Amino acid sequence: MTLQATTLPPLRCACSRASRDDQSAPDESGTLKIEGVSKRFKIDQGEIKVLDQIDLTVAPGEFISLIGISGCGKTTLLRLIAGLETSYEGTISIDGKRIDRPSLDRGVVFQEPRLLPWLTVEENVAFGLTGKDRKRNRAIAREHIDLVGLKGFEKFYPAQLSGGMAQRAAIARALVNRPGILLLDEPLGALDALTRIRMQKELLNIWRREKIAMVMITHDVEEAIYLGDKVVIMSSKPGRIRKVIPVGVPRPRDRDNPEFIRIKDEILGEFNLL
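Residues numbered from 1 in each chain as written. Predicted model: local features only at pLDDT ≥ 70, side-chain atom pairs only at ≥ 80, totals over all residues. Heavy atoms only, no water.

Draft legend 1. View of the sheet that holds strand β9 (residues 230-235). Spatially, the 6 strands line up as an open sheet ordered β6-β7-β8-β3-β9-β10, and their pairing is mixed. At either end of the open sheet lies a strand with only one pairing partner, and these are β6 (106-109) and β10 (240-246). Each strand of the sheet is rotated relative to its neighbour by a mean of 20 degrees, with strand direction disregarded. Sheet analysis places strand β7 (residues 181-185) next to strand β8 (residues 213-217), joined by 5 bridges and oriented parallel. Residue Leu-184 lies in a different strand from β8, and its bridge partner there is Met-216. Sheet strands in contact with helix α7 (residues 258-270) are β9 and β10, and its direction is about 170 degrees off that of β10. (Pairing = 2+ DSSP bridges. Helix = DSSP H or I, 4+ residues; strand = E, 2+ residues; numbered from the N terminus. Axes fitted to C-alpha atoms, helices over the stretch in contact; angles between N-to-C directions. Contact = heavy atoms within 4.5 Å.)

Dropping the structure here:
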């Protein structure tokens, strides 16, 4: 039986990190810098350049929406930041330290939840925790399950979850080691429209309370504006950063706000969709 997302309780943060609304000074460590990054893939006929001279800085706690047509290199760029791809030109670094491998400092959420079907929600979330203290690991896992609004579903298996619930579990798993940056490869793309809108709001709540940087790929223009501090538009063949648009609309954002609509029209205009 598949449970419906409407059975979920309201999102409630159980984490120990301070809210983004907290007036205390934020931690300034964790600046991501992408400098002159190019990437080529070998094919039968030779090589194809998928990224060309990418320059981008992501400040601590900043939410970046990355948007572009399919095949423009968005996922490749995310994989480079995650350290899943290490062969490239240029530099990707955090606080001056070059990224050359995966790290618990960078969490990744994919379009599909990719939960292990034979493990419960709690076991999936705790799967990547280091250390052998089971009581501690269970407490941390439950803290993050509560954070994403899945309290009460700890013993459920992935097949018993709706799509939105499974993606919440995947987000909890990515956050459980308290990364400085969360990378999201179109995490809401497979959800129905109503669940997607709800998940957008809850992802924003998690970002606000965890106070970590997020870089999210999306093909949804409204989603990019609703969530992002900046919308980074990529062109293709090869992938380049075409434009960076700051989003100055106060949160919570109203999609009918004239400035929201203006930014949406500006983005659509970049793709000749007006």
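Past the structure itself, the notes keep going.
Draft legend 2. A look at the sheet that holds strand β2 (residues 46-58). Here we have 4 strands laid out as an open sheet, ordered β2-β1-β4-β5, and antiparallel in their pairing. Two strands bound the open sheet, and with one partner strand each, they are β2 and β5 (97-98). Bridging between strand β1 (residues 32-43) and strand β4 (residues 89-94) involves 5 bridges; their strand directions are antiparallel. Within β4, the residue paired with Leu-32 across the bridge is Ile-94. Along the sheet, helix α1 (residues 74-82) contacts β1, β2 and β4; its crossing angle with β1, the most-contacted strand, is approximately 115 degrees.

Draft legend 3. Here's a closer look at helix α5 (residues 193-210). Compared with the 26 Å implied by 1.5 Å per residue over 18 residues, the 26 Å span of α5 between its first and last C-alpha is a close match. Three or more residues of α5 are buried, namely Thr-195, Arg-196, Met-199, Gln-200, Glu-202, Leu-203, Leu-204, Ile-206, Trp-207, Arg-208 and Glu-210. Those residues of α5 that are buried are in contact with β3 (63-67), α3 (134-147), α4 (163-175), β7, β8 and α6 (221-227). Taking the backbone nitrogen of Leu-194 as reference, a side-chain oxygen 3.2 Å away marks Asp-192 as the first, capping residue of α5. (Expected span 1.5 Å × (residues − 1). Buried < 20%, exposed > 50% of the residue type's maximum accessible area, 1.4 Å probe, protein only. Polar contact = N/O pair within 3.5 Å; in protein donor to acceptor, adjacent residues only side chain to side chain.)

Draft legend 4. Molecular detail of the pattern of salt bridges. This model, assessed by the stated rule, comprises 24 salt bridges. When the shortest N-O distance is used, the salt bridge between Arg-40 and Glu-47 registers 3.9 Å. Since its relative accessible area comes to 52%, Glu-47 is described here as exposed. Its salt-bridge partner being Glu-222, residue Arg-255 comes within 3.7 Å of it at the nearest N-O pair. Separated by 33 residues along the polypeptide, Arg-255 in the loop between β10 and α7 and Glu-222 in helix α6 bring together distant segments of the chain. For Arg-255, a relative accessible area of 22% translates into the label partly exposed. Overall, the relative accessible area of 25% leaves Glu-222 in the partly exposed class. (Salt bridge = Lys/Arg side-chain N within 4 Å of Asp/Glu carboxyl O.)

Draft legend 5. View of empty space enclosed by the protein. Considering all chains together, one arrives at 1 cavity of 30 Å³ or more under this definition. In this model, the largest cavity occupies a volume close to 30 Å³. Forming the walls of the largest cavity are Val-148, Arg-168, Ile-171, Met-199, Glu-202, Leu-203 and Ile-206. Listed by contribution, the elements that provide at least two residues to the lining of the largest cavity are α4 and α5. Looking at the lining of the largest cavity, the element that brings in the most residues is α5, giving 4 residues. Residues that form the lining of the largest cavity fall into these classes: 5 nonpolar, no polar and 2 charged. (1 Å grid on protein atoms, 1.4 Å probe; cavity = no way out; pocket = protein on both sides within 12 Å on 5 of 7 lines; lining within 4 Å. Points joined across faces, edges and corners; volume = space filled by probe spheres on them. Nonpolar A, V, L, I, M, F, W, Y, C, P; charged D, E, K, R; others polar.)

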